[in-house]
Amino acid sequence: MTTTAPAAEAAAAPDERLAYRGPIQRLLIRPEIGALIGAAVIWVFFWAVTDVFGTTAGVNNYLDVSASLGIMSIAVALLMIGGEFDLSSGAITGATGMLVVLLVKEVGEFGGAGFPLSVAIPLTLIFALIIGWANGTLVEKTALPSFIVTLATFFILRGAKLGFAKLFTDKVIVEGLNDAPDHGFWENVFGAVWIRNDHVWDSFLGGRNVVYGVLLTVGALLLIVGVLELMFQRRETPAQARMPVAVVGFAAGVLGLILLAATDGTSDNWLWGIVLAAGGAVGMYGMGAWRYERRADSSAAVNLTGRVGRNVAMGGGAIALGVVLGLILDAESQTEIGFLLTVQGFRAIAYAGLIITGVILLLGAARSAGKTSARTQLAITSMAAAAIVVVAFIVQSQADSRKFRAEFFAVIIGAAVLMLAFGVLRSTFVERRKPDAVADKRGRTLAMTGIAVAFTGLAVRLMWATTFENETIRGEVRWRIAVFYFIGFAIVASYLLLRTKFGSWTFAVGGNKNAARQVGVPAARTKTILFMIVSAAGWLVGMLIAFRLNSVQANVGDGNEFFYIIAAVVGGNLLTGGYGSVIGASIGAVIMAMSFQGIPFAGWNSDWRFLFVGAILLLAVLVNNYVRAKAEAAS
Amino acid sequence: MSDPALLELDNISKYYGNIIALTGVTTSVNAGEVTCVLGDNGAGKSTFIKIIAGAHQQSEGTLRVEGQEVMFDSPRDALELGIATVYQDLAVVPLMSVWRNFFLGAEPTRGWGPFRRVDQEKASGIAKDEMAKMGIDIRDTEQAVGTLSGGERQSVAIARAAYFGAKVLILDEPTSALGVKQSGVVLKYIIEARNRGLGVIFITHNPNHAWPVGDRFLILNRGKSMGNFAKDEITRDELIMMMAGGAELEELTKELEAASAGDESLAHLAEEFAEEFHELEERVEDDDH
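Given the structure is predicted, the values throughout are model-derived calculations rather than measurements. (Residues numbered from 1 in each chain as written. Chains lettered and ligands numbered in written order. Predicted model: local features only at pLDDT ≥ 70, side-chain atom pairs only at ≥ 80, totals over all residues.)

## Considerations on the overall build of chain A
Then, number 1: Helix and strand counts for chain A stand at 25 helices and 6 strands.
Then, number 2: A total of 635 residues make up chain A; the buried ones form 43% of that total.
Then, number 3: Considering only intrachain contacts with a sequence separation of at least 6, the fraction spanning at least 24 residues in chain A is 80%. (Helix = DSSP H or I, 4+ residues; strand = E, 2+ residues; numbered from the N terminus. Buried ≥ 20, exposed ≤ 12 C-beta atoms within 10 Å, placed from the backbone. Contact = placed C-beta atoms within 7 Å.)

## Some details on the overall build of chain B
Then, number 1: From N to C terminus, chain B includes 10 helices and 12 strands.
Then, number 2: When burial is assessed residue by residue, chain B has 43% of its 289 residues classed as buried.

## Comments concerning helix α8 (residues 146-169) of chain A
Residue and element names in this part refer to chain A.
Then, number 1: The first and last C-alpha atoms of α8 sit 34 Å apart over 24 residues, in line with the 34 Å expected at 1.5 Å per residue.
Then, number 2: Those residues of α8 not exposed but buried are Ser146, Val149, Thr150, Thr153, Phe154, Leu157, Arg158, Lys161, Ala165 and Thr169.
Then, number 3: Elements in contact with the buried residues of α8: α6 (89-104), α7 (117-142) and β1 (173-175).
Then, number 4: A positive backbone phi angle near 65 degrees is found at Asp170, which sits one or two residues after α8. (Expected span 1.5 Å × (residues − 1).)

## Overview of unusual backbone geometry
Residues and elements named next belong to chain A.
Then, number 1: Backbone geometry places Ala143, a non-glycine residue, at a positive phi of 60 degrees.
Then, number 2: Residue position: Ala143 is located in the loop between α7 and α8.
Then, number 3: In this structure Ala143 comes out as exposed when scored by C-beta crowding, with 7 C-beta atoms within 10 Å.
Then, number 4: For Asp170, which is not a glycine, the phi torsion comes out positive at approximately 65 degrees.
Then, number 5: Looking at the element boundaries, Asp170 is found in the loop between α8 and β1.

## Points about the domain arrangement of chain B
Residue and element names in this part refer to chain B.
Then, number 1: In terms of domain boundaries, chain B breaks down into domain 1 (7-97 + 161-243) and domain 2 (248-288).
Then, number 2: Computed from C-alpha coordinates alone, the two centres of domain 1 and domain 2 are separated by 31 Å.
Then, number 3: Each partner contributes to the interface: domain 1 provides 5 residues, whereas domain 2 provides 4 residues.
Then, number 4: Residues belonging to the side of domain 1 that touches domain 2 are distributed by class as follows: 2 nonpolar, 1 polar and 2 charged. (Domains from an automatic or database assignment. Nonpolar A, V, L, I, M, F, W, Y, C, P; charged D, E, K, R; others polar.)

## Side note on the confidence of the model for chain A
All names here are of chain A.
Then, number 1: Residues with a pLDDT of 70 or more make up 87% of chain A, whose mean pLDDT is 83.
Then, number 2: When the elements of chain A are averaged for pLDDT, helix α1 (residues 5-10) gives the smallest value, 36, and helix α22 (residues 523-549) the largest, 95.
Then, number 3: Residue range residues 1-17 is modelled with pLDDT below 50. Its contacts to residues more than four positions away, or to other chains, number 24 contacts. (pLDDT = per-residue confidence, 0-100.)

## Overview of the domain arrangement of chain A
When the parts of a complex come together, some accessible area is lost, and that lost area is often taken as the interface size.
Then, number 1: As assigned here, chain A comprises domain 1 (31-197 + 471-631) and domain 2 (304-428).
Then, number 2: Here the C-alpha centre of domain 2 of chain A lies 40 Å away from the C-alpha centre of domain 1 of chain A.

## With respect to the environment of Lys105 of chain A
Then, number 1: Tracing the backbone through its elements, the reader meets Lys105 of chain A in the loop between α6 and α7.
Then, number 2: Along the sequence, Lys105 of chain A and Asn60 of chain A sit 45 residues apart, while their C-alpha atoms lie 33 Å from each other.

## Describing the packing of α6 of chain A against α8 of chain A
All names here are of chain A.
Then, number 1: The contact between α6 and α8 brings their axes to 9 Å, and the two run at 30 degrees. Comparing the axis directions of α6 and α8 gives the class roughly parallel. By crossing handedness, the relation of α6 to α8 is classed as left-handed. Touching Ala91, Ile92, Gly94, Ala95, Met98 and Leu102 of α6 are Phe154, Leu157, Arg158, Ala160, Lys161, Ala165 and Phe168, all from α8.
Then, number 2: The class makeup of the residues in the contact of α6 with α8 is 10 nonpolar, 1 polar and 2 charged. (Axes fitted to C-alpha atoms, helices over the stretch in contact; angles between N-to-C directions. Parallel < 35°, antiparallel > 145°, perpendicular 65-115°, else oblique. Left-handed = near helix turned anticlockwise from the far one by under 90°.)

## Considerations on helix α5 (residues 56-81) of chain A
Residues and elements named next belong to chain A.
Then, number 1: At Ala67, α5 shows its strongest bend, of approximately 40 degrees.
Then, number 2: Of all 26 residues in α5, 23 are buried, a share of seventy percent or more.
Then, number 3: Gly83 occupies a position one or two residues after α5 and carries a positive phi of about 90 degrees. (Bend = angle between axes of the 7 residues up to and from the residue.)

## Overview of the pairing of strand β2 (residues 19-29) of chain B
Then, number 1: Bridge analysis of strand β1 (residues 7-16) of chain B against β2 of chain B gives 7 bridges, and the strand direction is antiparallel. In the strand pairing of β2 of chain B, Tyr15 of chain B is matched with Ile20 of chain B. (Pairing = 2+ DSSP bridges.)

Okay, structure coming up:
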C-alpha cells in the first residue's frame, strides 16, 4: 500500500482532476467497443474480398458457426468476470452429447440404458450441473487456482469419453440418437432447421430490400438524432421557429434515400444522392439551430501552423499518394511482386491503407485544431470529407461489381456527408461539457431505439431471400435453431449480468473477492453457480451437436475451451476478472466465426486461419489493457 | 453519563495459544464521539478490531453494546448490532461503479420472479445523496470507484456503512496509505460521520491524525493498554510519547548513538533524533506543570 502514497499525494482536488466524460466518450470505454470495431473491420474486409460474405447465405453460414461458439463464450465470459477459468468447458460439450446418445441406446446394446429422450436429456443436464458444481466446490474449498482444478476435470472428461466410447462401441464415435422413440419432438427443440430459400420476397411492399432500406434509414435517423442530443448543449428555450427546417431536411433526406434505393445504382442515382445528402445535412443543421446553444468563438481565423499543419500535410499527402498509386498501378495485373503479393493485391492494400491513414491523420488534426479554432476544425474536416468523396467516385468509376459501385459508394458518400455535417455542427454549436440527465436519457433512448430498428431491418434482410440472391448464390440458407439459442442466451445472460443482484455479485467476486465477502456477498455460492452456468451451457451445446449429427465423436469439443476464452477476451472481458460484458463475448464469437469462414470463402488456404486468430487475440488484449488502464486510472 | 455507551470494552484480553495478543483493554465509544485507538506496528490493533468486529472472540473480559453484554460468533452478529468495519484495502471493488459498490450485497430490487431486477435509479439516487451528505459531489454514479481518489474511496465505504444503519463505525487505518491532503479528506469524513451521531472507532498509528478528531484515546503497546484517556486528560505530546513507549524511545536514541560511532551521516541522524526526543520530553513536562 505504501507505494500508492505518492500518487495519491500528487492528485489534486478530485473536482478538477475528473473531467466530465460525455456519453460518447463513455461509450468508447465500454468493454465491447474494441470488439465492435474489430467486427466491423473484419466484416468489411471479407465483404470486399469475397462475393458470398454479405449475402444472406454468407451471414447464415458464419452465424451458424458462431452459435455454439457464442453460447459457450458467453458462459465462459460470465465465469471470467467472476474471476475464474473453466478448461473443461470444451470437453463437457462432447461429454454431454455422448452421454445422451448412450442413455437412449437400448439396454444391452453398447451398455445403453434404453431411456426415452425425455428422461435422458434431463439426466444429462443434471450430470452437467454436477460437473459444474464439483468444479466450483473444489475451487472454493481447496482455494486452488481454477486453472488446475478444471484442467483435471478436462482430462477426466476427455479420458472418460474416449474410454467409454471404445468400451461400448469399439469405435471412437457413438451413433444412433435418432433410434430414440421420442426423437421427433426433441429434434424440434434442439435440431430444428428453418430453410429460408423458398421464402422469396420480391414484390410485396416493394420487395425485401425496400423494407430493409426503410428500417435501416429510420434506425440511422433515430441514432443520429440521439447522438446529437447526447453531444450538444441544449438551449434554455428551444427556438421553435427553426423546427420545420429540421423536419423538412430530414424528410427530404429520407425521400432521397428511398428513391435512391429504387434505382439500380448505375444511372440517375446522383440526383437522389444529392437530395439525400443535402436533406440530411440541412436536417441536422436545423436540429442544431432549433435545440442547441451556438458557439461564441466560431469566428476565430483559420490557423494551419505547427503540429496541426504538419498532420494536415501528411494526411493530405497520404491520400494523394494513395490515389496516384491507385491510378498508375494496373488493377487487373496478376504479376507477382514478392511476399505472395500480386500487383493487384499491392494496389488494393496501398490504396486502402494510405487513404485510411490519411483520413485518420486529417481527423486527428481537426480534433486538435478544434480546441482553439472552430473554423480551422471545420476547414480540415471539409478537406477530409472532400477527399473521401473523390475516392468514392474513383472507386465507382473503376469498380466492375454492383457491390462496390452502388452499396460501397453509397456508404462512403454517406460517411463523408455525415462527417461534414458533424463538422459543421461542432464548429457552430456548443458541445456539452456538463451532465444533463434529461438529455442523456432522451438521447440514449433515441439512439437505442434507432439501433433496434436498424437491427430489425437487418433481420428482415436475413430472414427472406430474393430471386436474385437465389439465382446467384450457391448453397442454401438454413437457419438452425442454434442461432436462436445463441441470441436468446446472449439477451438472458446480459440481463443477468447487468440488471440482477447476481450480476453485481459476479462483478464483485471477480473484482475484489474479499471486499465482496466483507459486505455480505455469498462469494463461494456465486462462483459455484457461475461454474454451473458454464457446464449447463456446455450441456446445451452438447445437445445441439448430438441432434445435428445424431452421433458424437469422442474428441468433440476437446481444445475448444481456448476458442471460448479467446472469444471472451476479444470481446473485452478481462482475464483477471471483474470487468467485461456478455455482448462483447458474443461479438467476439462472431468475429472468430467470420474469420474461420471468411478465409475459405475468399479462396485462401484455411491453414492460415490460426495466424489470423492469433493476431486478433493479440490486438484485443492490447486494446483491453489500454481500456483497463483508463478505467482504473486513479488507483 | 446516564445513557450507557454505544460500545464498551471492559478489561478485554485475547490469547492465541500461549501468545498474549491483547491484555486488559478498557475503553468505550459514545454516539457522536470518536474514539481513537493508537499503536505502533504489532501493538495489537488488528486483534482489537477483530474482537469488536466479531471475527474473533475475546478470551477474557466483557463487551457491552448499549449496556447489553454480548459475545459475537461471527462478523454478521456484530453487523446486526450496528457495528460496521471498514478495512483499509478491502473496502471497495475498484472496477465497479460507485452505486454498485455502495449497494453491493444489499441491492434494492423491484419486479418479481425472473424479472426481479436491481432498481438502478433508486440505488444510484441514494448513493449520490448519501455521498453528498458526506460532502462529496459524485456527478456520475456510473463511474468506476477506481477513478476516485484514495480518500474518496474510503468515504464510499464509510457512507455505505452509515447508510446501512451502522451505529458504530470501525475504521482500520483509513489514512495509512494516503498522502497528507487525502488524509485530511478522510479526517473530514470522520468528523462528518460523528456529527451524524455515529460512534467512530478510528484506528491509526499516526497521533497527528488522531489528535484533531478524537474525543477519547486508547493507546496500545505490545498488546498492553497504555491508558484510556478522554481528550481533556491528555496532551498531544504525551500522546506521542506514550504511543512510541517513552522508555523504548530513549533506548532507541542510545542505540542509535552507539551505532553511529565512525559514521558521520548516521551520527548526524542520531543527534537529530536525540534532540527531538528531548524536546518532546521537555514539552510533556511543561504540559504537566
